[in-house]
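Tertiary structure, described
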Amino acid sequence: MRKIISVVVITFCSVIAGEFCSAQTQPPPACQLYITKNDMPGFQSALARWLNDAPVRSGRADALAELANNPAYRLALAQHEIIRASGATNLSAVCTDQSDQAFMQVFMGNAGWLETWLASGPVPTNTAEGILYLKDIYTADRTENRTKYLPLATAVALVFSTEPTKRLMDRLVYQVVNPITPFSRYSFFKKADEEDKLYPLFKKLKPWELRWVVSAWYDDKSLEWALENVNLPIWKYPDACWLCQYSGCSFYGDTVQGALFYMPWNNLHSRMENIYLHGGVCGSLSTFGAIAAMAHGIPAYTAGQPGHCAYAVRMERKKWVGGFGGPAGGPVYYFWSRNYYDILLMEDVFYDDTSYLASQRHVWQANLYKDQDKAKAYAAYNLAIQKSPMNYSAWDSLINTQLSDPAITKPQWTKAAETIMARMAKHPRPMLELFKKFEKDKILAGMNDPEKIRWFASIHKAIEDGKGDATWDFDMDRIFGEQTKAFPKGSDSVWSLYKIALGTHSTNELFLGQLLEWGTKNLESEKGNNADKV
């Protein structure tokens, strides 16, 4: 079996290398040679040399774009990014025996699989844990159709190895009763799909979407129970929570807020069945509704709200329907930041899968060049943002690179911020999360009060003009409060900015209401007579 795998990989790599001969006299490094020697640091160095020697004309953007469209270059670039993200030494732990090496030759020789791993949301960094999980799933599934389920295997391995779901999965792995493994989670969904027990939309989900299914934070016994016992039309899952009784106190007088509420039945029923039989309050009921949907292959999440827990179920791309007061709030799972607006941004960014992947390839180019050739790195970042203007990962990586580059001037920071406002205005909360990384030290530093007022006024205008979705949890009052910290306490500049913000958002009931709330709480104590004007 291992010999057959090796032949397949060598043939695949040879074909890819042949496609690049017209542009490069030397073929890319052969992954199997380094894997069999367990020399991932050497492989990384060889890839870096080969990629740097590719015919890039002085960092010109058109040359970088041309290279990113070449199959052999893309394979080498993805291999380099996998090693860079995981750490070469860490990745060597996946190449210790012949079985490991056979898997790594298949994985590292498959450009499509590598790119899927790298472009399906956040990946584990400075660890090979996720790839070890992927290897375990791939080698444990010896059925003939395992290739069909590589997207599922990829999603499971990513969920078990990246936060915030890693800690939830770890808890299930190490629990005494009904522990799970990445392979058991994979097997549950594979078997259910083979038996046509999942909703048809499951078959269309990409790995980034599957992460919102396989991340169910109850054990597999709970999923099995839900799959057999909570069968509803898809549009009814936002109401599935009401199959359970709302109850804050058990038959024995134990509060649901304590550890004893379900304990008498823990060895008799799964957690899902326990909730169904004995009820609970918002947290248990929302979790029941979300996991009932996930067990049927439907993406879902729970969301923390002030004094409450809600949930949301995804009917199709860009359509999350709230349950028990959702979908807004702090989602239990997210890609970049824990708020509802991260979900909205994710849907927009990944909606065009092709453009997002093309954008990420340029981010990987930038990662290759940023420590040795900043000009090429910035050219690659520009291409990444052109391909996917709202790609949060690209912006985040660019900002981090600029923060480590002392040559970046204040005008360059200002230009970057203005570009972010132009591209991200539809998603102002993620835009402001990016600003947090550099605004205080790189934009506001050295500004006088009128300049700060103009800067903040431009942000409010961008938010209003962006016409993005906003709900009660947008927190415009908190956002404005953070802006006022740039001025001396009690400064007239705060009142000046406040009037501008009120005018900018005068027709936006949500933002205006939240600003008025801030004003009545804060201006009354600092500017007594101005409180009446509010």
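Reference entry: report on the structure contained in this document. (Residues numbered from 1 in each chain as written. Predicted model: local features only at pLDDT ≥ 70, side-chain atom pairs only at ≥ 80, totals over all residues. Heavy atoms only, no water.)

**As for the environment of F202**
The condition that has to hold: Secondary structure elements are taken from DSSP: a helix is a run of H or I of four residues or more, a strand is a run of E of two residues or more, and numbering for both begins at the N terminus. The classification of residues rests on relative accessible area computed with a 1.4 Å probe and restricted to protein chains. Under 20% of the type maximum is buried, over 50% is exposed, and intermediate values are partly exposed. Here, two residues are considered to be in contact whenever any of their heavy atoms come within 4.5 Å of each other.
Among the structural elements, F202 can be located in the loop between α12 (182-194) and α13 (207-214). With a relative accessible area of 6%, F202 lands in the buried category. With 11 residues separating them along the chain, F202 and V213 place their C-alpha atoms 8.9 Å apart. Excluding anything up to four places from it in sequence, F202 contacts L152, F189, D193, L210, V213 and G297.

**Let's talk about helix α16 (residues 282-295)**
Operational definition: Here, expected helix span is obtained from the residue count minus one, scaled by 1.5 Å.
Helix length check: α16 (14 residues) gives 20 Å between terminal C-alpha atoms against 20 Å at 1.5 Å per residue, within 8%. Of all 14 residues making up α16, 13 are buried, and the element is well covered by its neighbours. Among the residues trailing α16, G297 stands out with phi positive, at a value near 85 degrees.

**Focus: the packing of helix α8 (residues 111-118) against helix α10 (residues 150-161)**
What counts is decided by this rule: With axes taken as lines fitted to C-alpha atoms, and helix axes fitted only over the stretch in contact, angles between N-to-C directions fall between 0 and 180 degrees. By definition, turning the near helix anticlockwise from the far helix through less than a right angle yields a left-handed crossing, and turning it clockwise yields a right-handed one. For this classification, Asp, Glu, Lys and Arg are treated as charged, while Ala, Val, Leu, Ile, Met, Phe, Trp, Tyr, Cys and Pro are nonpolar and the rest, including Gly, are polar.
At a minimum axis separation of 10 Å, α8 and α10 run at an interaxial angle of 35 degrees. As α8 runs across α10, the sense of the crossing is right-handed. Residues W113, T116 and W117 of α8 pack against L150, T154, A157 and L158 of α10. A per-class count over the contact of α8 with α10 returns five nonpolar, two polar and no charged.

**Focus on the sheet that holds strand β1 (residues 300-305)**
Selection rule: Only strands that DSSP links by at least two bridges are regarded as paired with each other.
Spatial strand order, β3-β2-β1-β4: four strands in an open sheet with antiparallel pairing. With partners counted over all chains shown, the strands left at the sheet margins are β3 (319-323) and β4 (330-331), one partner each. One ladder, built from six bridges, connects β1 with strand β2 (residues 308-316); its direction is antiparallel. By the bridge assignment for β2, T302 is matched with Y311. Of the strands in this sheet, β1 and β2 are in contact with α16, which crosses β2 at around 15 degrees. Its contacts with the sheet place helix α17 (residues 340-351) against β1, β2, β3 and β4, and it is angled at close to 155 degrees to β3.

**Comments concerning a positive patch on the surface**
Convention followed: Each patch is built from residues that are more than 30% exposed by relative accessible area and take part in no salt bridge. Like charges join if they lie within 9 Å; nonpolar side chains (Val, Leu, Ile, Met, Phe, Trp, Tyr) join within 5 Å. Here the Shrake-Rupley method, with its probe set to 1.4 Å, supplies the accessible areas, and only the displayed protein chains count as covering residues. The salt bridge definition used is simple: a Lys or Arg side-chain nitrogen within 4 Å of an Asp or Glu carboxyl oxygen. Charge counting follows a simple rule: Lys and Arg are positive, Asp and Glu are negative, and His as well as the terminal groups are ignored. By convention, charge coordinates are those of NZ in Lys, CZ in Arg, CG in Asp, or CD in Glu.
Together, R167, R171, R271 and R338 give the surface a local cluster of positive charge. Here R171 shows up in helix α11 (residues 165-173). R171 sits in the partly exposed class, given a relative accessible area of 46%.

**As for unusual backbone geometry**
Note the cis peptide between E163 and P164, where omega equals 10 degrees. Note on placement: P164 falls in the loop between α10 and α11. A cis amide bond links G326 to the next residue, P327, at an omega of 10 degrees. Mapped onto the fold, P327 is located in the loop between β3 and β4. Positive phi, close to 55 degrees, is recorded for N178, a residue that is not glycine. Its place among the elements puts N178 in the loop between α11 and α12. In this structure, K318 is a non-glycine residue whose phi angle is positive, near 70 degrees. Mapped onto the elements, K318 comes out in the loop between β2 and β3. Judged by its relative accessible area of 44%, K318 is partly exposed.

**Some points on the packing of helix α24 (residues 449-466) against helix α25 (residues 476-484)**
Our working rule: Here the angle decides the label: under 35 degrees means roughly parallel, over 145 means roughly antiparallel, 65 to 115 means roughly perpendicular, and every other value means oblique.
Close contact between α24 and α25 brings their axes to 11 Å; oriented N to C, the two are set at 160 degrees. Considered as vectors, α24 and α25 are oriented roughly antiparallel to each other. Seen along the crossing, α24 lies across α25 with a hand that is right-handed. Here α24 contributes F456, I459, H460 and I463 to the contact with α25, which in turn contributes M476, F480 and Q483. A breakdown of the residues in the contact of α24 with α25 according to their chemical character gives five nonpolar, two polar and no charged.

**Side note on the nonpolar core**
Applied cut-off: In this text, buried Ala, Val, Leu, Ile, Met, Phe, Trp, Tyr and Cys residues form a nonpolar core when linked through side-chain atoms within 4.5 Å.
M40, M104, F107, M108 and F435 are the most contacted members of the largest nonpolar core, which totals 172 residues. Discounting residues that sit within four places of it in the chain, M104 has contacts with I35, M40, L91, V94, C95, G109 and I131.

**Let's talk about the state of the cysteines**
Note the cut-off: What counts as a disulfide here is a pair of cysteine sulfur atoms lying within 2.5 Å.
Enumeration over the complete set of coordinates arrives at zero disulfides. The structure places no disulfide on C95, whose sulfur is separated from the nearest cysteine sulfur, that of C31, by 10.0 Å. For C95, a relative accessible area of 0% puts it in the buried group. There is no disulfide at C309, and the cysteine sulfur nearest it, in C282, is 5.8 Å away.

**Some thoughts on the environment of K376**
Within the fold, K376 resides in helix α19 (residues 374-387). Among the residues examined, K376 registers a relative accessible area of 12% and is labelled buried. In this structure, the C-alpha to C-alpha distance between K376 and A366, residues 10 residues apart in sequence, is 7.0 Å.

**Observations regarding the pairing of β1**
Among the six residues of β1, five are classified as buried, and the element is accordingly described as predominantly covered. Linkage of β1 to β2, two consecutive antiparallel strands, is achieved through a turn of two residues, within which G307 is found at a positive phi near 70 degrees. When β1 meets β4, the two strands line up antiparallel, connected through two bridges. Across the sheet, the residue bridging to G304 is G330, located in β4.

**Overview of the environment of S388**
Take S388: it is sitting in the loop between α19 and α20 (392-403). Looking at S388, the relative accessible area reads 6%, which means it is buried. Placed 30 residues apart in sequence, S388 and A358 show a C-alpha to C-alpha distance of 8.1 Å.

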